[in-house]
Amino acid sequence: MRIVAIVCAYWPNRRANVTQIVADLRAGTRTPDRILVLNNHPDPLHVSGAEVIHAPNTACRGKFIAALFDRADYYLLLDDDTSVGPRTLEVLCQSARRGICTGYLGCWVDATGSVNQGARLWPHDATEETPCDTFCGCALFVAWDALVKMLILEERVRRDGRWPTEGDDILLGLANRSTVIPLTGNARFVDLGYQGQAMCYAHEDYYGMRDTFTREVLIALKGRPLPDWEV
């Protein structure tokens, strides 16, 4: 089982978080086989214990594309506001299988197509693996084929030749049979905080934008199922 972790360095105020996240990954009971840091910022970045890909302005989508640099069985994708506990990756590996798609906060889409008004389930509140619609994607654990299904669906929601960037986490979740895996105690994801910078602060209607995007994805899926590779 080969696992690649990808840590996204987005915001200047959170640069110290990236060093902590890499250290936490290295200290876990199950360590990734490779750690890549995707540097979205124009300034150079060096992180001990990880390889840095300098890719300014690739935004959220960059972490999924970075996975294509290294073919692995599974990927752990982390934003710079979320780290792991000592046993997080170990416990996730216990549920690893083809098609696995799980993450930081499981979300359901309500009857109006809103992901923000739908029900939510934290992994530390889950008592058993629970199917969900999609995720808030601060942290994601996915199989290679789950990423492929996301890219197939992404092609359907392109607008005027532009790749969608409003909700890559939503896209990934809806493309797959997503589930919330219980992560309790020292297996919980660790919230490092926004530290005053986040996309929801930068966009004047962030949540409305994500709901609009969710409805577009649902339309793209309607009557056109994606390949069913899960076992």
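Residues numbered from 1 in each chain as written. Predicted model: local features only at pLDDT ≥ 70, side-chain atom pairs only at ≥ 80, totals over all residues. Heavy atoms only, no water.

Colleague: For the pairing of strand E9 (residues 134-143), give the residues involved together with the corresponding values.
Modeller: Counting buried residues in E9 gives 9 out of 10 residues, a clear majority hidden from the surface. Where strand E4 (residues 74-78) meets E9, 5 bridges bridge the pair, whose relative direction is antiparallel. Paired with Leu76 across the bridge in E9 is Phe141. Here 6 bridges tie strand E6 (residues 101-107) to E9, and the two strands are oriented antiparallel to one another. Across the sheet, the residue bridging to Gly103 is Leu140, located in E9. (Buried < 20%, exposed > 50% of the residue type's maximum accessible area, 1.4 Å probe, protein only. Helix = DSSP H or I, 4+ residues; strand = E, 2+ residues; numbered from the N terminus. Pairing = 2+ DSSP bridges.)

Colleague: Give a description of the sheet that holds strand E3 (residues 51-54) that names residues and reports values.
Modeller: The strand order E3-E2-E1-E4-E9-E6-E7 describes an open sheet built from 7 strands, whose pairing is mixed. Here the strands that pair on one side only, and so sit at the sheet edges, are E3 and strand E7 (120-121). Summarising the sheet, E6 and E7 pair through 2 bridges and their orientation is antiparallel. Residue pairing in the sheet places Cys107 in a bridge with Arg120 of E7. Sheet strands in contact with helix H5 (residues 168-175) are E6 and E9, and its direction is about 55° off that of E9. (Contact = heavy atoms within 4.5 Å. Axes fitted to C-alpha atoms, helices over the stretch in contact; angles between N-to-C directions.)

Colleague: Pulling in residues and values, what's your account of the side chain of His41?
Modeller: Inspection of the secondary structure puts His41 in the loop between strand E2 (34-39) and E3. In this structure the side chain of His41 is engaged in a polar contact, spanning 3.2 Å, whose partner is the backbone nitrogen of Asp43. If near-sequence neighbours (up to four positions away) are discounted, His41 is found in contact with Ala9, Tyr10, Pro12, Arg15, His54 and Pro56. (Polar contact = N/O pair within 3.5 Å; in protein donor to acceptor, adjacent residues only side chain to side chain.)

Colleague: Lay out the packing of H5 against helix H7 (residues 206-221) in plain terms, naming residues and giving numbers.
Modeller: Relative orientation of the contacting elements H5 and H7 amounts to 30°, with a least axis distance of 10 Å. Looking at the two axes, H5 sits roughly parallel to H7. Here H5 runs over H7; the crossing is right-handed. Between H5, through Asp169, Ile170, Leu171 and Leu174, and H7, the contact on the second element is made entirely by Arg210, Phe213, Thr214, Val217, Leu218 and Leu221. (Parallel < 35°, antiparallel > 145°, perpendicular 65-115°, else oblique. Left-handed = near helix turned anticlockwise from the far one by under 90°.)

Colleague: Would you mind going over H7 in detail, with residue names and values included?
Modeller: Spanning 16 residues, H7 covers 23 Å between terminal C-alpha atoms, matching the ideal 22 Å at 1.5 Å per step. Gly223 occupies a position one or two residues after H7 and carries a positive phi of about 70°. (Expected span 1.5 Å × (residues − 1).)

Colleague: Go over the nonpolar core, please, and point to the residues and values.
Modeller: The tendency in soluble globular proteins is for nonpolar side chains to be buried side by side. With 75 residues, the main nonpolar core has Leu25, Val37, Tyr75, Leu76, Leu78, Val142 and Phe189 as its most contacted residues. The contacts of Val142, once residues within four sequence positions are left out, are Asp73, Tyr74, Tyr75, Leu77, Ile100, Cys101, Leu147 and Leu172. (Core = buried A, V, L, I, M, F, W, Y, C linked by side-chain atoms within 4.5 Å.)

Colleague: Hey, could you go over the environment of Thr31 for me, with residue numbers and the actual values?
Modeller: Among the secondary structure elements, Thr31 is positioned in the loop between helix H1 (15-27) and E2. Placed 28 residues apart in sequence, Thr31 and Ile3 show a C-alpha to C-alpha distance of 8.4 Å. Setting aside residues no more than four positions away along its own chain, Thr31 makes contact with Leu25, Arg26 and Leu89.

Colleague: Provide a residue-level description of the environment of Ala55, including the pertinent values.
Modeller: Mapping Ala55 onto the fold places it in the loop between E3 and helix H2 (61-66). For the pair Ala55 and Arg30, spaced 25 residues apart in sequence, the C-alpha separation works out to 28 Å. Ignoring anything within four residues of it in the chain, the contact list for Ala55 reads Leu38, Asn39 and Asn40.

Structural measurements only, silent on function.
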